[in-house]
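Examining the three-dimensional arrangement
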Amino acid sequence: MNKGTIIGLSIAGVLIVLFIALFSWGKNSYNSMVTADENVSQSWGNVESQYQRRSDLIPNLVATVKGYATHENTTLTEVVEARAKATQVTVDPTNITPEKLAEYQAAQSQVGSAIGRLLVSVEAYPDLKANENFKELQAQLEGTENRISVERQRFNDAAKAYNVLIRRFPANILANMFGFDKKAYFEAEAGTEKAPQVTF
Amino acid sequence: MKAAFKKEILLVFVFLAIVNALQAKIWTVSTVPNTRLSDARVCTSDPDDLIDPASQAEIDRLLLNAQTQLTAEVFVVALQSTGDVDLKSFATELFNTWGIGKDEKDNGLLILLVLDQKKVTMETGYGLEGVLPDAICYRIISNVIVPLMREGQIGPGMLAGVQAVLKVLSDPAAAEEIYADPVNQQKANWEQTKALLFNILIVYLLLTFVILFLSMNSLSRKVKSVVSMEPYDAYKVLNTSVTSYRVLAFLFPLTMLPFFLYYKKKSNGFRKKPRICPQCGKPLMLMSEKQEDAYLNAGQQTEEMVGSMDYDAWVCMDCGYRSFLSYTKSFTRYQSCPKCHFKTYAQTSDRIVSVPTPISTGQGVHVYTCVNCDYEALKYYTIPMIIILPSNRGGRGGGFGGGGFGGGSFGGGSSGGGGATGGW
């Protein structure tokens, strides 16, 4: 072992270790971005499934109301139509842009307001209001609305975590290289701040 | 003047204090007392004393039993007022902040009464949504709890609700869905440890190479600086300068290996460097280990034998000039003998003269012998008395909420807004 070899080896050693460290950082950073992205997709799936749950309750609601509320055909048809329209709007979870999200949200809020109007009109039918089936349906609707709002909030949390991850330095360089884009948030809708009131 | 108004001012303060105390406190998610934290057996939080003690005790007993048997965590909270906050979102937030229910199964249930809104709400953890769907929750609230609430029977109302809930949960068909097996959650911790260890490894590797580079540089510079000195002095200087690097060798053994190989090569070069006889100018001859024994005295030979010193004998064949150079070994247990002054003196044995007892010290003796001259010395030392520690009291940490049970916490479950609300 002469001096030259040893010094050369030690410099090579430093370079190799630095390279390993850099590679390791890159790998961890990329993998955490992937994980965060999948979290957002999963949250989105949860949001969609809660909206779907509400959508599934509607036929039951319409059938129950129809039996009692003979003069509410228009409101009933509105609900059914709004629901049909909403099922046609889909969002690809890997590409959640503000426009698509707003479109989805608008369609769902139409359903929500249609249901709200129907429930208001039911006030005029005391027999229906007292009906046990109807009361339980209302409880289910209310529960679904709660679940929707919880999942929307959790989606926003997941989207925020992802956005923060890809926008921070130096991870944003990696994010640009691999095409990780910002995700949109659920915004509060203008005018409708609360779920349809389901109280007596 | 001031003395005349003193009484009135005092009365005003007392009045304000009374009014303040009478106003119901508005609870928020962060201020609702989590009574589970101080006592693991508690299943209710009733800071405004809305539930009568008898009902509360029975609720606690039933729910603790349920938790032990079913592992489901049911908790009852009764509050006078939460202000204007939406009741259901309050319940959802409280549930998730406290983490009611076991983590793996999310089998928690929160029953919340807010008296000024005249409503009771139930928040089910994800795992209980199948067994306690919204409709059933609503049924229990409106058919069991609300009628009693209407009559002002708050305690019995909540108790009846709890009994109805437990009836559903104890159904054997539901058991598998609810029951949580204790599972170790060490995976996440291990991942963190792995990441930390990896970082430490990277830093260690970097350091090893950097240290090797720096120490090689300084050593080669040192060698250059002593090359002009007398070989024996050069050797000594090099040797002392390297002692500090021996510490590094302990921490970074693999990297200091080439360093010490290089040092050995250079230092041996100095040691074996050809010298000239000062008397006649002819080159001196270095004796081999076997040959030099003839020139060394008995003491020096013993030193070489025990390995504490190494001698080099340089002899001039022509004029008979001799030079002996001594090289000390770095790590040796032999010291200089008080009698013959050769480095052949060390501790050979250690005996106990008298055994220590709890009431008296003991005595031991180190026996030192010189290999060369057989001189022996005894060094006595005291052994401390035996101390008997008082036996450990052990037992539970009693100072917490009445009865010696420790504090507890919820299992970390979560909910998604499931459940129902009902009012009167």
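The present account deals with the structure reproduced in this document.

Cut-offs and rules
- Counting of residues starts from 1 at the beginning of each chain's written sequence and follows it residue by residue.
- Each chain is given a letter, starting from A, and each ligand a number, starting from 1, according to the order in which they appear as written.
- Local features in this predicted model are restricted to residues whose pLDDT is 70 or higher, and side-chain atom pairs enter the listing and the counts only when it is 80 or higher, whereas totals over whole chains, interfaces and linings include all residues.
- For side-chain calculations, the full set of non-hydrogen atoms in the structure is used, while hydrogens and water are omitted.
- Inter-axis angles, ranging from 0 to 180 degrees, are taken between N-to-C directions of lines fitted to C-alpha atoms, where helices are fitted over the stretch in contact.
- By the criteria applied, helices consist of DSSP H or I runs no shorter than four residues and strands consist of E runs no shorter than two, each listed in order from the N terminus.
- For classification, angles of less than 35 degrees are called roughly parallel, those exceeding 145 degrees roughly antiparallel, those between 65 and 115 degrees roughly perpendicular, and all remaining angles oblique.
- Note: crossing handedness is left-handed where the near helix turns anticlockwise from the far helix by less than a right angle, and right-handed where it turns clockwise.
- Any two residues having at least one pair of non-hydrogen atoms within 4.5 Å are treated as being in contact.
- Each residue receives one of three labels: charged for Asp, Glu, Lys and Arg, nonpolar for Ala, Val, Leu, Ile, Met, Phe, Trp, Tyr, Cys and Pro, and polar for the others, Gly being one of them.
- Note on pairing: DSSP must find at least two bridges between two strands before they are called paired.
- Only protein chains enter the calculation, and the probe is 1.4 Å; a residue is then buried if its accessible area is under 20% of its type maximum, exposed if over 50%, and partly exposed in between.
- For the purposes of these results, a polar contact is taken to be a pair of N or O atoms within 3.5 Å, where, inside protein, one atom must be able to donate a hydrogen and its partner to accept one; residues adjacent in sequence count only when each atom of the pair is a side-chain atom.
- Two distance rules govern patches: like charges are joined within 9 Å, and nonpolar side chains (Val, Leu, Ile, Met, Phe, Trp, Tyr) within 5 Å, applied only to residues with over 30% relative accessible area and no salt bridge.
- To be clear on the numbers: accessible area is Shrake-Rupley with a 1.4 Å probe, and residue cover counts the displayed protein chains and nothing else.
- Take a side-chain nitrogen of Lys or Arg and a carboxyl oxygen of Asp or Glu: if they are within 4 Å of each other, that pair is a salt bridge.

**As for the packing of helix H2 (residues 73-88) of chain A against helix H3 (residues 98-122) of chain A**
Residue and element names in this part refer to chain A. Packing of H2 against H3 leaves a shortest axis separation of 8 Å and a crossing angle of 165°. The angle between H2 and H3 places the two elements in the roughly antiparallel class. For the pair H2 and H3, the crossing hand works out as left-handed. Residues Thr75, Leu76, Glu78, Val79, Ala82, Arg83 and Ala86 of H2 lie in contact with H3, whose contacting residues are Ala107, Gln108, Gln110, Val111, Ala114, Ile115, Arg117, Leu118 and Ser121. Tallied by class, residues from the contact of H2 with H3 come to 9 nonpolar, 4 polar and 3 charged.

**Some remarks on the sheet that holds strand E6 (residues 309-315) of chain B**
Residue and element names in this part refer to chain B. Taken in spatial order, the 3 strands make up an open sheet running E5-E6-E7, and their pairing is antiparallel. At either end of the open sheet lies a strand with only one pairing partner, and these are strand E5 (285-286) and strand E7 (322-328). Across 2 bridges, the pairing between E5 and E6 is antiparallel. Note on E6: the bridge partner recorded for Leu286 is Trp314.

**Topic: the environment of A:Leu101**
Residue and element names in this part refer to chain A. Inspection of the secondary structure assignment puts Leu101 in helix H3. A relative accessible area of 1% places Leu101 in the buried class. Sequence separation between Leu101 and Val91 is 10 residues, and the spatial gap between their C-alpha atoms is 7.2 Å. Once you skip the residues sitting within four places of it in the chain, Leu101 turns out to touch Trp44, Ile96, Phe155, Ala184, Tyr185 and Phe186.

**Things to note about the side chain of B:Glu123**
All names here are of chain B. Here Glu123 shows up in strand E4 (residues 119-125). A polar contact of 2.6 Å, which involves the side chain of Glu123, links it to the side chain of Ser415. If we ignore the near neighbours within four places in the chain, the residues touching Glu123 are Lys88, Ala91, Thr92, Phe95, Gly108, Leu109, Leu110, Ser415, Gly416, Gly417 and Gly418.

**What to know about a nonpolar patch on the surface**
Residues A:Ile16, A:Phe19, A:Ile20, A:Phe23, B:Phe198 and B:Leu201 make up a contiguous nonpolar surface patch of roughly 610 Å² in combined accessible area. Those elements that place two or more of their residues in the nonpolar patch are helix H1 (3-68) of chain A together with helix H7 (186-226) of chain B. Ranked by residue count, the leading element in the nonpolar patch is H1(A), at 4 residues. If you trace the backbone, A:Phe19 turns up in helix H1. What makes A:Phe19 exposed here is its relative accessible area of 57%.

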